[in-house]
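Here's the letter readout for the chains.
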Amino acid sequence: MKEGTQNYGSLSKTEEGCGDTAGSRPTWFTLTKPRIASDGAEDVTYSGSKRALLNRWMKKVKVRGGDLEAFIGPTDHCVEAMLRQHGGLGLEYNSLDRNIIDTAVWHRRKTQLIKAKREGINESFNGGSQRAALQSSEDEGGFDHETVKLLETERERMEWALVVGIGFFMAIIGVIVSRTADNLLEWKLESALEWLERDGDESYWYYGLAQHVATSTILAMFAFIPVAIAPVSGGSGIAEAKATLNGVVIANCTAISTCCCKAVSVICSVAASLPAGLEGPMIFMGLSIGENANRLVPRNRPAFDLLRTDRHRIDFAAIGCAAGVAAAFRSPVSGVLFAMEEGSSFWSTSLTWRCFLSACVTVITMYAIMSKVLGNGSGFHVSNMAVFNGIDTNSSSNLALGDSDHPEFYLWEYGMFMLVGSFGGIIGGLFCSANRALALLRRRLSFNIVQKGIEVFVIAAVTATLIWVLPSFFSRCGDIEPRRLGHTYYKQFTCEEGEYNELATLLLNPLGAKGITLLFTEDDPDAFSMSTCIIAGMTHLVILCVAFGMSISAGIFIPLLFIGACLGRALALICNIFLDEAWNIDPRTYAIIGAAATLGGVVRVLISLTAIVTHTTSLSFFMTPVMLTTLVAQNVGNWVSDRPGIYDVILQLRGVPFLEEECPVVGRNANIRARNVMRKNVVTVCAEMLVKDLVGILRSNNDPDFPVVDKQDGSLVGKISRIDLLALLSQQKVLVSMGEDEVVLSYSELDEARPDPRNLPTGDEIGEHLSHDDELKYVYIAPYMQIAPMSIQGHGSAERAYEIFRSLGLRSILVVDKHSRPIGIITRHELALLEEIGENEHKVKQKKRSTLLYSQPHKDTQFE
């Protein structure tokens, strides 16, 4: 193998010492072992709880002048070992890296690409003057602006084509999923209700009940089967979307097969009359489509290599989320706002425009498809523009656009809106706490796949029975003639001809397509009584709290909107009992406000929720009431449960190392250094590595990145990812014997050889294809390393390390000493621990802490 690597950082051949653990370097502190108290118990407990784990980070050090209790990081065990011992905080999750690529093969690719493009341009011209006019200024030592501009234009066209494609395919999937689910649900309900239309004895009521329960449970089991095949397809999917856009890689989460399983499961969940919505799964499907969009980029076009990087992969996923929201609510602006507020962790102006374009394409395509499917003729119809505005294509009734009668409110009612927001926050806080407790119970019970199926079966049977039996026991009939909407919205059930059963109309209808629309649009207070609204709302609230978390795919947006609309309308009817007739409030207004308050109290979103409610109801003047309500609901919900929204609770329960935008309170206010939170046992590599040694490092170490050091002084010169090392080992031609010329892969070849980060090989799977002779060869890694990687000195603050890591979207940040030698590594797993440290567990005395945290310990420092 050739000696010297001057072209790639002036590194020399591998020698002894490369591949060693940097934790053997001098450390800052000498610490005591756990002290034994008088009762024989240790001061630091070693139970399996997170609090006990964090307590182990609290040590006492004897310094000159007395004892000092301070947070000085792990000592006897590295963070990774402690996490594995105590169950881990997301060590099974990998991470993406949004950092700009700065490797030798990447820069060589750019040079070759510009040269090839320039030669192609010159060959396309016949005239010498034209060729001379476009001849590169690179020959004169300049920069070929014209060629680079052409390459950038090609890449941008491909990028915009992918953006449009994401919106188009999401529209097709959205129409298929929504129409299939609605048609299945309508068929199931109508076929069961047909028994009540037959003349005869009361036994037909039981026949209808039996058919309804049977079909519901069968559909529920069909919803369970895809989740049993692909467990990650269960749930709403928004929590997984947030994690993916934060840079976390969840195994098989965004695979196309997972997307298909989620689509089938949510269709059957909705059709089974479970409290399920299509919105969350649709957002997840958009995420899956967007995240896989860069796989469509041709690999034989080097100009498009940038579109296959992790940075664009995350951006396409954010675009897919925006398209998913737009498909669910037919609102492009809501899609952009949701992706910005609740989804993407990395935002830019260009990403805003791309999200908006994709969302617009989604909505326009859905309009075009639905206008044909619904048989409304060519062109667009206003009835397709909003989901809950009460426009009936078979009626001239239009509360928002054509009629003067629409929901209204007065200035003094802003106080009432705040009250409704408070109620929504209380409901949301209690819901999150109760659902978290049920999730912990499910974890303790540790159901197997059969028991999970039984759970789905039982809950589906109970739900189907309740929504059929309750309208019979609480039967209140109303005249259907004066109602605003068409007769298809109302269910006669056990009432006389020309009447409708109020509770059956709310429970035995699709929640979104008809249930919410009825509550938002019926201006007559007698349309649905106070007791009807309370029973319907509380029934779905209890069932949703129990069902959300079982092994099916189901969203909670629509159920929560329905629950809030029922309880908000009931609140308005209660208030009207005590108010003078001149001061009566509109129940429709409080149905809308209640829906926003309940959803905001559970998911804790503000701007995007306001846009969703105002756009789906075509009531833009409701923006300030809805915004005020959701703001109050969010703060009250945080106060009640002392926990974040339901999706953040899910991420915490799963141990996903999700990093918020702002550093945790402890990191901002306590004097924690980067060396306190780093993992010490970082393994270094050199520019040339023996294949056998490299395989051993990868098998015994799970670091996502490895620092590349100079052989002479051990200083940091680069960083190479685990994925790239695995890719190099899979290429036989880069493995060379000593004295042979090294073979350098092109960036395209390296990219094609990279394994899927969602399913990386582990343990003995690494290098299993290598023979004994291959293991004695060398691999030349310098051309593929990141030059001058992001690093921070050990005495830098943990807050700064967090900000650098989070704002740049790094996979890891290296910690170095004053000689630029790597002494540790920080990944999101270490930074996520800062969220777990409470104020009581982290007390740092102001007195003398600079002696401990900024200086080398004095010679007198000793064990207690």
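Everything quoted here is computed from the prediction, not taken from an experiment.

What follows deals with the overall build of the protein chain. Counting its regular elements, the protein chain contains 31 helices and 15 strands. By the burial criterion, 56% of the 864 residues in the protein chain qualify as buried. Considering only contacts in the protein chain between residues 6 or more positions apart, those separated by 24 or more positions represent 77%. When the accessible surface of the protein chain is split by element, carbon and sulfur atoms take 55% of a total near 36,100 Å².

Before going further, it helps to examine the environment of Leu296. Tracing the chain through its elements places Leu296 in the loop between helix 9 (279–291) and helix 10 (310–329). Given the relative accessible area of 62%, Leu296 is considered exposed. Each C-alpha atom of the pair Leu296 and Leu307 lies 9.9 Å from the other, and the pair is eleven residues apart in sequence. Sequence-distant contacts of Leu296, that is, excluding residues within four places in its chain, are made with Met158 and Leu162.

A few words on the pairing of strand 14 (residues 813–816). Two faces make up the sheet, and in a regular strand the side chains alternate between them. Here strand 14 shows two buried faces, one formed by Ile813 and Val815 and the other by Leu814 and Val816. Sheet topology places strand 13 (residues 791–793) next to strand 14; three bridges connect them, and they run parallel. In the strand pairing of strand 14, Gln793 is matched with Val816. Each parallel crossover has a hand, and the one from strand 13 via helix 29 (residues 798–808) to strand 14 is right-handed.

What follows is about empty space enclosed by the protein. Under the definition given, this model contains five cavities of 30 Å³ or more. Computed from the structure, the largest cavity encloses a volume of approximately 70 Å³. Residue lining of the largest cavity: 14 residues in total, with Ala547, Phe548, Gly549, Ile552 and Ala554 positioned closest to the centre. Each residue belonging to the lining of the largest cavity can be placed in one class, and the counts come to nine nonpolar, five polar and no charged.

The next point concerns the packing of aromatic side chains. Counting across every chain of the model gives 19 aromatic pairs. Connected via pairs of aromatic rings, a cluster forms that spans Phe409, Tyr414, Phe417, Tyr590, Phe621 and Phe622. Positioned over the ring face of Trp106 is Arg109, at 4.2 Å from the centre of the ring. In this structure, Lys262 packs its charged tip against the face of Phe284, placed 4.8 Å from the ring centre.

For the structure shown, the criterion picks out one disulfide. Between the sulfur of Cys477 and that of Cys495 lies a disulfide, 1.9 Å long from S to S. The sign of the -85° torsion about the S-S bond sets the Cys477-Cys495 disulfide as left-handed. Of the two residues, Cys477 sits in strand 5 (residues 477–479) while Cys495 sits in the loop between strand 5 and strand 6 (499–501), which places them 18 residues apart along the sequence. Accessibility expressed as a relative area gives 35% for Cys477, which makes it partly exposed. Residue Cys261 stays outside any disulfide, its sulfur separated by 7.0 Å from that of Cys260, the closest cysteine. Summary of cysteine pairing: Cys355 is not part of a disulfide, and the nearest cysteine sulfur, belonging to Cys321, is at 8.6 Å.

This paragraph deals with the nonpolar core. Counting 160 residues, the largest nonpolar core has Leu519, Ile556, Phe557, Val603, Ile646 and Tyr647 as its most contacted members. If one sorts the elements of this core by residue count, helix 5 (residues 145–193) sits on top with 15 residues. Each residue touching Leu519, except ones within four places of it in the same chain, is listed here: Leu506, Phe528, Cys533, Phe562, Ala565, Cys566, Arg569, Arg588 and Ala591. Leu694, Val695, Val708 and Ile723 belong to the second-largest nonpolar core, a separate cluster that totals 35 residues.

This part takes up the pairing of strand 8 (residues 705–709). Across the five residues of strand 8, five count as buried, placing the element largely inside the fold. Here strand 8 shows two buried faces, one formed by Asp705, Pro707 and Val709 and the other by Phe706 and Val708. In terms of strand pairing, strand 8 meets strand 9 (residues 716–721) through five bridges, oriented antiparallel. Across the sheet, the residue bridging to Asp705 is Ser721, located in strand 9. In sequence, strand 8 turns back onto strand 9 through a hairpin of six residues, with Gly714 there showing a positive phi of about 70°.

Glancing now at helix 16 (residues 511–521). Every α-helical turn comprises 3.6 residues, leaving residues that sit three or four positions apart pointing alike. With ten of its eleven residues buried, helix 16 lies for the most part within the structure. Turning to helix 16, its buried residues number three or more, namely Leu511, Gly512, Lys514, Gly515, Ile516, Thr517, Leu518, Leu519, Phe520 and Thr521. Of the surrounding elements, those touching the buried residues of helix 16 are helix 5, helix 15 (502–507), helix 17 (530–547), helix 18 (557–578), helix 19 (587–603) and helix 20 (607–617).

As a further point, take the packing of helix 7 (residues 238–245) against helix 22 (residues 646–653). Following both chains from N to C, one finds helix 7 and helix 22 inclined at 70°, their axes separated by 9 Å at the closest point. In this view, helix 7 runs roughly perpendicular relative to helix 22, as classed from their interaxial angle. Counted together, Ile238, Ala239, Lys242 and Ala243 of helix 7 and Tyr647, Asp648, Ile650 and Leu651 of helix 22 form the full contact between these two elements. Residues belonging to the contact of helix 7 with helix 22 are distributed by class as follows: six nonpolar, no polar and two charged.

In this section: the sheet that holds strand 15 (residues 822–826). The sheet built from three strands is open, its strands ordered 13-14-15 with mixed pairing. The open sheet has two edge strands, strand 13 and strand 15, and neither has a second partner. Averaged over all pairs of adjacent strands, the angle between strand axes in this sheet comes to 30°, irrespective of strand direction. When strand 14 meets strand 15, the two strands line up antiparallel, connected through four bridges. Residue pairing in the sheet places Val815 in a bridge with Gly824 of strand 15.

A word on the confidence of the model for the protein chain. This prediction gives the protein chain a mean pLDDT of 79; 79% of its residues lie at or above 70. Counted against residues more than four places away or in other chains, residues 1–16, with its pLDDT under 50, gives 44 contacts. For the stretch residues 392–404, pLDDT sits under 50, and the model shows 28 contacts to residues farther than four places along the chain or on other chains.

Turning next to the side chain of His829. As for its placement among the helices and strands, His829 is situated in helix 30 (residues 828–832). Within polar-contact distance, the side chain of His829 engages the backbone oxygen of Tyr93 at 3.4 Å.

The subject of this paragraph is the pattern of salt bridges. This model, assessed by the stated rule, comprises 30 salt bridges. Among the ionic pairs, Arg679 bridges to Asp703, the shortest N-O distance being 2.2 Å. Note that Arg679 is positioned in the loop between helix 24 (674–677) and strand 7 (688–690) and Asp703 in the loop between helix 25 (691–700) and strand 8, a separation of 24 residues in sequence. Of the two residues, Arg679 and Asp703, both sit in the buried class. Linked by salt bridges that have partners in common, Arg109, Arg299, Asp305, Arg308, Asp724, Asp751 and Arg754 make up one network.

This next bit is on a nonpolar patch on the surface. On the surface, Ile449, Val450, Ile454, Phe457, Val458, Val462 and Leu466 cluster together to form a nonpolar patch covering roughly 610 Å² of accessible area. Along the chain, Ile449 turns up in helix 14 (residues 449–473).

Procedures and definitions
- Residue indices follow the written sequence of each chain, beginning from 1 at its first position.
- Predicted model: local features are reported for residues with pLDDT of at least 70 only, side-chain atom pairs are reported and counted for 80 or more only, and whole-chain, interface and lining totals are derived from all residues.
- To obtain the side-chain values, all non-hydrogen atoms of the structure were included, while hydrogens and water were left out.
- Helix and strand definitions follow DSSP, with helices as H or I runs of at least four residues and strands as E runs of at least two, each counted in order from the N terminus.
- With a 1.4 Å probe rolled over the protein chains alone, any residue whose accessible area is under 20% of its type maximum counts as buried; one over 50% counts as exposed, and the rest are partly exposed.
- Throughout, a residue-residue contact means that at least one pair of heavy atoms, one from each residue, lies within 4.5 Å.
- Here the open area of atoms and residues is found with the Shrake-Rupley method and a 1.4 Å probe, where only the protein chains shown may cover a residue.
- Here a strand pair is declared whenever DSSP counts at least two bridges between the two strands.
- Handedness of a crossover is defined as follows: orient the strands so they point away from the viewer, and if the path from the first strand over the helix to the second runs clockwise, the crossover is right-handed.
- Points on a 1 Å grid over protein atoms alone make up a cavity when a 1.4 Å probe fits among them but cannot get out, and a pocket when they form an open set with protein on both sides within 12 Å along at least five of seven lines; lining residues each have an atom within 4 Å of a point.
- Grid points are joined across faces, edges and corners, and a volume is the space filled by probe spheres set on the points.
- Three classes are used, and their members are as follows: Ala, Val, Leu, Ile, Met, Phe, Trp, Tyr, Cys and Pro are nonpolar, Asp, Glu, Lys and Arg are charged, and the others, Gly among them, are polar.
- Centre distance within 6.5 Å is the pairing criterion for rings of Phe, Tyr and Trp, where only the six-membered ring of Trp is used; planes under 30 degrees apart are then read as stacked, over 60 as edge-to-face, and the remainder as tilted.
- Look at NZ for Lys and CZ for Arg. If either is within 6 Å of the ring centre and within 35 degrees of the ring normal, a charge sits over the ring.
- Any two cysteine sulfur atoms within 2.5 Å of one another count as a disulfide.
- For the purposes of this section, nonpolar cores are sets of buried Ala, Val, Leu, Ile, Met, Phe, Trp, Tyr and Cys residues that join through side-chain atoms within 4.5 Å.
- For helices, the axis comes from a line fit to the C-alpha atoms of the stretch in contact; other axes are also lines fit to C-alpha atoms, and the angle between any two N-to-C directions lies between 0 and 180 degrees.
- For this classification, under 35 degrees means roughly parallel, over 145 means roughly antiparallel, 65 to 115 means roughly perpendicular, and everything else is oblique.
- Each residue carries a pLDDT score, the predictor's confidence in it, ranging from 0 to 100.
- Counting of polar contacts relies on pairs of N or O atoms within 3.5 Å, with two restrictions inside protein: one atom must be capable of donating a hydrogen and the other of accepting it, and residues adjacent in sequence are counted only when both atoms are side-chain atoms.
- Salt bridge, as used here: a side-chain nitrogen of Lys or Arg that lies within 4 Å of a carboxyl oxygen of Asp or Glu.
- Put simply, a patch holds well-exposed residues, over 30% relative accessible area, that have no salt bridge, with like charges counted together within 9 Å and Val, Leu, Ile, Met, Phe, Trp or Tyr side chains within 5 Å.

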